[in-house]
Amino acid sequence: MSQSEPLHISTRLLHPSAGGTHSVSAEWQHRPSATPIYQTATFDQESPLEFGEFDYSRSGNPTRTGVERVLAELEGSRAALAFNSGMSAIAAVFGLLKPGDEIVASTDIYGGAYRLLNRIAERRGIVVRFAALDDLRAFAAAVTDKTRLIYAESIGNPLMTVADIGGLARIARAVNARLVIDNTFLTPLNLRPLEHGADIVVHSATKYLSGHGDATSGVLGVNDPKLIAELSFIRNAEGTALPPQECFLLERGLKTLDVRLERQQKTAAKVATLLAECETAGEIQRVRYPGLRSLPGHDIHRCQSAGDGAVICFETGSLERSLLLVKSLLLFPIRVSFGSVESSVSMPFSMSHASVPKELRTVNAVPQDLIRLSIGLESANDLIADLSRAIHTVSARRAPAVEVRSSGAPICC
Ligand code: PLP
């Protein structure tokens, strides 16, 4: 394996009237510079027996076709399917299975994916097993001839475990299963999992792809025509396609993904360096960032990815200190999500991963004091000053005892 080259979004790709396979502009009047929003539920037909390219927006809409062509080029996939959320994209993938089929999933995944596996997939008779992402032997031991899917995140949310995508793909192939990689943390600019053996790539496009915290959306990237047809069928049958307004926002967001991510990653690297220094000084603990050599799996990450993303996690050693620290930050609003132009902070144990069952928490526990930072476009100096001040203040102070009850709480994001 060699380190991937960073990808750049070409202006050709993003200009709807520039020609090429991605363009739907041939049918457009007035040569618009941005893809128009086809805010219509239906399209008129010549007769009941003649169907045009579009008839009903749940099934197909030109604004969606436009953004899906850009997404497919970015992903390097035969097709990209836009969904009304990351969760509906993941649910469509699990919808490929029938009762008795098995899924082996990584323990380090987004809390909402756990919920779908434990509370929905199992109810439909699908057998779900978990394995630690940094232990390929555990995956190999968990699969059987009934395993249809292996599910993992390229960088686990929130523990930043690195997926060895090639290794997982080999295990999946051996039992005729599909490998599904959620690549939300890294984006296709840093990593294209299909090129490393994955069959389906998932994104919560609510995060970096749309990038402004204003469009809930999800994407699947797929090469196999049979899978494309099955997933398109499920999306149409369940009515989970991305509506035209959000398609427009997602395509607009994609136009700046390259420059946003470049700046966010540069700042994230500086913030990670500061945090690593604070760790050395004993002020905080266990800084996790894919760009840090200290992260287990860093070498695998370096081989398969061209960049490190802009999410960083660390611990303080105490829930009370973490709560104080998070509340004393001035430039990091407390938000469940990440990947937006604005920086934010969250505590996954009581927020995004609140309903992960207790038995799984002991396998790959999300620490109560874990703090997750999402780095935005603000000045690196300002963010670093804010974080340094908060860390120094809190580490010098004894925090009051706080009781946190998160088990069973609803996941908001
Ligand atoms: N995948 C990951 C890694 C996530 O963090 C999230 C949400 O935070 C999702 C999927 C679900 O996406 P959405 O919130 O767009 O439904």
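Residues numbered from 1 in each chain as written. Predicted model: local features only at pLDDT ≥ 70, side-chain atom pairs only at ≥ 80, totals over all residues. Heavy atoms only, no water.

Attention now moves to the packing of aromatic side chains. If you walk through the whole model with that rule in mind, you get five aromatic pairs. Relative to Phe-54, the ring of Phe-43 lies with its centre 5.6 Å away and its plane at 35°, an arrangement referred to as tilted. Of this pair, Phe-43 sits in the loop between α1 (11-14) and α2 (62-75) while Phe-54 sits in the loop between α1 and α2, and the two are eleven residues apart along the sequence. Each of the two residues, Phe-43 as well as Phe-54, counts as buried. Seen in terms of ring centroids, Tyr-114 and Phe-130 are 5.3 Å apart; in terms of plane orientation they differ by 40°. Their pairing is tilted. A residue pair is termed long-range when its members are at least 10 positions apart, and Tyr-114 in helix α4 (residues 111-121) and Phe-130 in strand β3 (residues 127-131) qualify at 16 residues. (Phe/Tyr/Trp six-rings, centres within 6.5 Å; stacked < 30°, edge-to-face > 60°. Helix = DSSP H or I, 4+ residues; strand = E, 2+ residues; numbered from the N terminus. Buried < 20%, exposed > 50% of the residue type's maximum accessible area, 1.4 Å probe, protein only.)

Moving on to the site of the ligand. The immediate surroundings of the ligand are formed by 15 residues, with Met-87, Asp-182, Ser-204, Thr-206 and Lys-207 found nearest. Measuring from an oxygen atom of the ligand, one finds a backbone N or O atom of Gly-86 at 3.0 Å. Here Thr-206 contributes a side-chain N or O atom positioned 2.6 Å from an oxygen atom of the ligand. Protein chains bury 94% of the 390 Å² of accessible surface belonging to the ligand in isolation. Among the elements that line the shell around the ligand, the one with the most residues is helix α3 (residues 86-94), at three residues. In terms of residue class, the shell around the ligand is built from five nonpolar, seven polar and three charged. (Near = heavy atom within 4 Å. Polar contact = N/O pair within 3.5 Å; in protein donor to acceptor, adjacent residues only side chain to side chain. Areas by Shrake-Rupley, 256 points an atom, 1.4 Å probe, with all protein chains shown as cover. Nonpolar A, V, L, I, M, F, W, Y, C, P; charged D, E, K, R; others polar.)

Taking strand neighbours across the sheet as the criterion, the seven strands line up as β1-β7-β6-β5-β4-β2-β3 in an open arrangement whose pairing is mixed. Edge positions in the sheet fall to β1 (79-83) and β3, since each has one partner strand and no second. Adjacent strand axes in the sheet meet at a mean angle of 20°, parallel and antiparallel pairs treated alike. In this structure, strand β4 (residues 147-153) lies alongside strand β5 (residues 178-182), joined through five bridges in parallel fashion. Across the sheet, Leu-149 pairs through a bridge with Arg-178, a residue of β5. Relative to the sheet, α3 contacts β1, β2 (102-106), β4, β5, β6 (200-204) and β7 (218-222), its axis offset from that of β7 by approximately 40°. Along the sheet, helix α8 (residues 225-238) contacts β1, β5, β6 and β7; its crossing angle with β1, the most-contacted strand, is approximately 15°. (Pairing = 2+ DSSP bridges. Axes fitted to C-alpha atoms, helices over the stretch in contact; angles between N-to-C directions. Contact = heavy atoms within 4.5 Å.)

Moving on: the environment of Ala-310. Relative to the elements of secondary structure, Ala-310 occurs in the loop between α11 (298-304) and β9 (311-315). For the pair Ala-310 and Leu-186, spaced 124 residues apart in sequence, the C-alpha to C-alpha distance is 8.3 Å. Setting aside chain neighbours within four positions, we find Ala-310 in contact with Tyr-208, Gln-264, Gln-265, Ala-268, Tyr-289, Leu-373, Ser-374 and Ile-375.

The strand order across the open sheet formed by four strands is β8-β9-β11-β10, and the pairing between neighbours is antiparallel. Both outer strands of the open sheet, β8 (285-288) and β10 (344-346), are each paired with one neighbouring strand and no more. Strand-to-strand twist in this sheet, taken as the mean axis angle between neighbours without regard to direction, amounts to 15°. Against the sheet, helix α10 (residues 257-280) engages β8, β9 and β11 (371-374), with an angle of about 165° to β8.

A few words on the layout of surface pockets. In this structure, the second largest pocket encloses a volume near 400 Å³. Taken together, 21 residues make up the lining of the second largest pocket; nearest its centre are Asp-134, Leu-159, Met-160, Thr-161 and Pro-296. The dominant element in the lining of the second largest pocket, judged by the number of residues it contributes, is β8, at three residues. Within the lining of the second largest pocket, the residues separate by chemical class into eleven nonpolar, four polar and six charged. Residues from two domains meet in the lining of the second largest pocket; each of domain 1 (16-254) and domain 2 (257-396) gives at least three. (1 Å grid on protein atoms, 1.4 Å probe; cavity = no way out; pocket = protein on both sides within 12 Å on 5 of 7 lines; lining within 4 Å. Points joined across faces, edges and corners; volume = space filled by probe spheres on them. Domains from an automatic or database assignment.)

To continue, consider the confidence of the model for the chain. Looking at the chain as a whole, the pLDDT averages 90, with 88% of positions reaching at least 70. Long-range and interchain partners of residues 15-25, a stretch whose pLDDT sits below 50, account for 27 contacts in this model, where long-range means more than four residues apart. For residues 405-413, every residue scores under 50 in pLDDT, and the model assigns this stretch 24 contacts once sequence neighbours within four places are set aside. (pLDDT = per-residue confidence, 0-100.)

Moving on, we get to the side chain of Arg-235. Looking at where Arg-235 falls in the secondary structure, it is placed in helix α8. In contact with Arg-235, other than residues within four places in its own chain, are Arg-64, Glu-68, Leu-81, Ala-82, Phe-83, Thr-240 and Ala-241.

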